[in-house]
Amino acid sequence: MSLISRLNKVFESRVRLGIMSILMVNDEADFNTMKELLDLTDGNLASHLKALENCGYITSSKQFIGRKPNTRYQVSELGRQKFEEHLKALEDLLS
């Protein structure tokens, strides 16, 4: 298997890399926090979160804080494994 083929296509997007990076170093993060950190629109962030969720790489939970909905995200075990494999492939490619 070539080095480049070990890179995960799901993480080719800089937005998805950013989302996964935030979630890997935090137990969880909510939608608004990620929106601010990544400087994205609601729609752009939502579409990338949905793509990661559809792959099973992240999970979400919804709650209300006061009367406002709040969605929190976490990396799944599969997501952690796939992201670490992607980072290792990048390291191997660079060395």
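Residues numbered from 1 in each chain as written. Predicted model: local features only at pLDDT ≥ 70, side-chain atom pairs only at ≥ 80, totals over all residues. Heavy atoms only, no water.

Before going further, it helps to examine the overall build of the protein. A tally of regular secondary structure across the protein gives four helices and three strands. Listing every helix and strand of the protein by position from the N terminus yields α-β-α-α-β-β-α. The principal-axis extents of the C-alpha atoms in the protein amount to approximately 50 × 25 × 20 Å. Across the 95 residues of the protein, 34% fall into the buried class. Taking contacts inside the protein between residues at least 6 apart in sequence as the whole, the part at least 24 apart equals 54%. Carbon and sulfur atoms form 51% of the exposed surface of the protein, whose accessible area is close to 6,200 Å². Across the protein, the centroid of the 13 positively charged side chains sits 5 Å from that of the 13 negatively charged ones. (Helix = DSSP H or I, 4+ residues; strand = E, 2+ residues; numbered from the N terminus. Buried < 20%, exposed > 50% of the residue type's maximum accessible area, 1.4 Å probe, protein only. Contact = heavy atoms within 4.5 Å. Areas by Shrake-Rupley, 256 points an atom, 1.4 Å probe, with all protein chains shown as cover. Lys, Arg positive; Asp, Glu negative; His and termini not counted. Charge placed at Lys NZ, Arg CZ, Asp CG, Glu CD.)

Bringing the nonpolar core into the picture now. Counting 20 residues, the largest nonpolar core has Ile 19, Leu 23, Met 34, Leu 49 and Leu 52 as its most contacted members. Looking at this core, the elements with two or more residues in it are helix H1 (14-25), helix H2 (31-38), helix H3 (42-54) and strand E3 (68-75). Residue contributions to this core peak at six residues, all from H1. Beyond its immediate chain neighbours, meaning those up to four positions away, Leu 23 contacts Glu 28, Ala 29, Met 34, Ile 58, Tyr 73, Gln 74 and Val 75. (Core = buried A, V, L, I, M, F, W, Y, C linked by side-chain atoms within 4.5 Å.)

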